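So the chains spell out like this:
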Amino acid sequence: MSTTAILARQSRWSTFRKETLRAVTAIAVALLVTIIVVLLTSKAPLEALNTLLTAPASKPRTIGLWFDDVAKLTVTGLAFSLVFQARQFALGVQGQIYVGALASSYVALSPIGPTFAAIPLGIAAAMLAGAAWGFIPGLAKAKLGANEIVSSLMLNYIAIELCNFLVRVQLRERPGVLTSLKFPDAAVFSPLIPGTRIDLGLILALVATVLVWFALYRTSWGLKLRLVGHNARFAEYAGIKSSLIMVSAMTAAGALGGMLGAMFVQGQTYGKITVLFEGGLAFEGILVAIVARSRPLAVPVVAIFYGYLRQGAQLMNIRTDVPAEVIGVVTAIIILLVSSSFSVPGKKWLSAQFGRRAQPAGLSADGAAK
């Protein structure tokens, strides 16, 4: 192996250790703050903490809820990671979920619904709708100079209200009920483990992770996207069309958002579309992407830990007197610590101590021979 390859591998390993230590420390600090908040707010703090830390893995049903969250958090984290890699802070995943869910719902409730084609066509329709919804703010940014934060947020509101209107007026089960007709069984993902919500969505999330990683690190498009993200002006000098890459990244992220919409409504969680079905989970993908540093292979790992914490907080809210808003405190602390220049307290002192111990006996402090 060449010296360059060895140095590159050592650099990657060093970066991995540093980022892992940063994330673990941030989570530990956030948990410590959570413990303090629970001790101050709960009449039975030990019971509340036990629920938070053990309830998600206590039964097959709660494990299913946990991994259902993991699958959804992974996909939304991947969608945000794609646009973050291109240094675009688009926030349109929520709207893409809603239009994707609408598209898959129309497929499921059409004559195709009872056939074997309902699931693949529903997913394909959802991805196309989400890609189109992601393409719009990308094009507005590239051609009109529109701010991607504003345009994507406005499109979110349009998608949510459009979905709510169609569910209430056209897709409703009956007047006064804010849900659509139930999908045919053929249009609903079958559970991978009976009696749980672990379904095809988990497989879709894993496949999406591999595809996004491959696209980013094993294709010329991914190289161009990362170059645009690092320095758009240099990329332009190198002959890369930055605007085209930016639009394509937002479109690809939109396709992932649309697929997530299909995972919601065609999955075991619903099997139909309801008003405000997404429950704000889309924006939690921002946390997953930030902690994972927009690295696709790290996204599922972060989703596993955060999904566990998320489910623990919800179960703690149901079973104890601690409000679920505690998880908001934890989320905010993790984002602040991971996204800042935070480092482990005493790290420099420890490095100095270990550095002195590692010095050969025949050398002085300045490295000269005695």
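Attention in this report is confined to the structure presented alongside it. Note that the structure is predicted; figures quoted are calculated from it, not measured.

### Quick look at the nonpolar core
Nonpolar side chains in soluble globular proteins tend to end up buried together. Counting 76 residues, the largest nonpolar core has L256, M259, M263, I273 and F277 as the members making the most contacts within it. Take this core: its biggest share by element is 13 residues, from helix 10 (residues 242–266). Not counting chain neighbours up to four residues away, the residues in contact with F277 comprise I97, Y98, A101, C163, F264, V265 and Y270.

### A closer look at helix 6 (residues 148–169)
Its 22 residues give helix 6 an end-to-end C-alpha distance of 31 Å, which sits within 8% of 32 Å, the value for a rise of 1.5 Å per residue. Along helix 6, the residues classified as buried are E148, S151, S152, L155, N156, A159, I160, C163, N164, L166 and V167. Along its buried surface, helix 6 packs onto helix 4 (93–108), helix 5 (118–144), helix 10 and helix 11 (281–291). Where helix 6 starts, the residue carrying a side-chain oxygen 2.8 Å from the main-chain nitrogen of I149 turns out to be N147.

### Structural notes on the packing of helix 3 (residues 60–85) against helix 7 (residues 200–217)
Between helix 3 and helix 7, the least distance of the axes is 8 Å, while the angle of their chain directions is 20°. Taken as axis vectors, helix 3 and helix 7 run roughly parallel relative to one another. Read as a crossing pair, helix 3 and helix 7 show a hand that is left-handed. Every residue of helix 7 that contacts helix 3 at F67, A71, T74, V75, L78, L82 and Q85 is listed here: G201, L202, A205, A208, T209, V212, L216 and Y217. Its residues assigned to classes, the contact of helix 3 with helix 7 shows 11 nonpolar, 4 polar and no charged.

### Some thoughts on the environment of A108
Tracing the backbone shows A108 in helix 4. A108 sits in the buried class, given a relative accessible area of 1%. Residues A108 and I119, spaced 11 residues apart in sequence, show a C-alpha to C-alpha distance of 7.8 Å. Setting aside chain neighbours within four positions, we find A108 in contact with G113, F183, P184 and A187.

### Here's the deal with the packing of aromatic side chains
The final tally for this structure, using the stated rule, is 7 aromatic pairs. Each member of the aromatic cluster is reached from another via a ring pair, and the members are Y98, F264, Y270 and F277. The cationic tip of K72 hangs over the ring face of F264; the distance from NZ or CZ to the ring centre is 5.0 Å.

### Section: unusual backbone geometry
Positive phi, close to 55°, is recorded for L276, a residue that is not glycine. Assignment of secondary structure puts L276 in the loop between helix 10 and helix 11. Exposure remark for L276: the relative accessible area of 51% places this residue in the exposed category. A positive phi is found at R293, a non-glycine position, where the angle reads about 55°. The residue R293 is located in the loop between helix 11 and helix 12 (299–319) in this model. We classify R293 as partly exposed; its relative accessible area is 31%.

Parameters and conventions
- Note that residues are indexed from 1 along each chain, following the sequence as it is written.
- Local features are withheld for residues below a pLDDT of 70 in this predicted model, meaning they are given only at 70 or higher, and side-chain atom pairs are given and counted only at 80 or more; totals for whole chains, interfaces and linings count all residues.
- Side-chain metrics rest on all non-hydrogen atoms present in the structure, leaving aside hydrogens and water.
- Remark: nonpolar core denotes a set of buried residues (Ala, Val, Leu, Ile, Met, Phe, Trp, Tyr, Cys) joined through side-chain atoms within 4.5 Å.
- The buried label goes to any residue with under 20% of its type's maximum accessible area, the exposed label to any with over 50%, and the partly exposed label to all in between, with areas taken from a 1.4 Å probe on protein chains only.
- Runs of E in the DSSP output that reach at least two residues are strands. Runs of H or I that reach at least four are helices, and both are numbered from the N terminus.
- Only heavy atoms matter for contacts: two residues are in contact if any of them lie within 4.5 Å across the pair.
- An expected span of 1.5 Å times one less than the residue number is assigned to each helix.
- The term polar contact refers here to a pair of N or O atoms within 3.5 Å; inside protein, the definition further demands a hydrogen-donor-capable atom paired with an acceptor-capable atom, and it admits residues adjacent in sequence only when both atoms are side-chain atoms.
- Fitting a line to C-alpha atoms yields each axis, with helices limited to the stretch in contact; the angle taken between N-to-C directions then spans 0 to 180 degrees.
- Working definition: roughly parallel below 35 degrees, roughly antiparallel above 145 degrees, roughly perpendicular at 65 to 115 degrees, and oblique for all remaining angles.
- Each crossing gets its hand from how the near helix is turned against the far one by less than a right angle, where anticlockwise is left-handed and clockwise is right-handed.
- By the convention adopted, Pro, Cys, Tyr, Trp, Phe, Met, Ile, Leu, Val and Ala count as nonpolar, Lys, Arg, Asp and Glu as charged, and the other residues, Gly among them, as polar.
- Working definition: rings of Phe, Tyr and Trp (its six-membered ring) pair if their centres are within 6.5 Å, and the pair is stacked with planes under 30 degrees apart, edge-to-face with planes over 60 apart, and tilted otherwise.
- Note on criteria: charge over ring means Lys NZ or Arg CZ within 6 Å of the ring centre, with the direction from the centre no more than 35 degrees off the ring normal.

On their own, these measurements won't tell you what the molecule is for.
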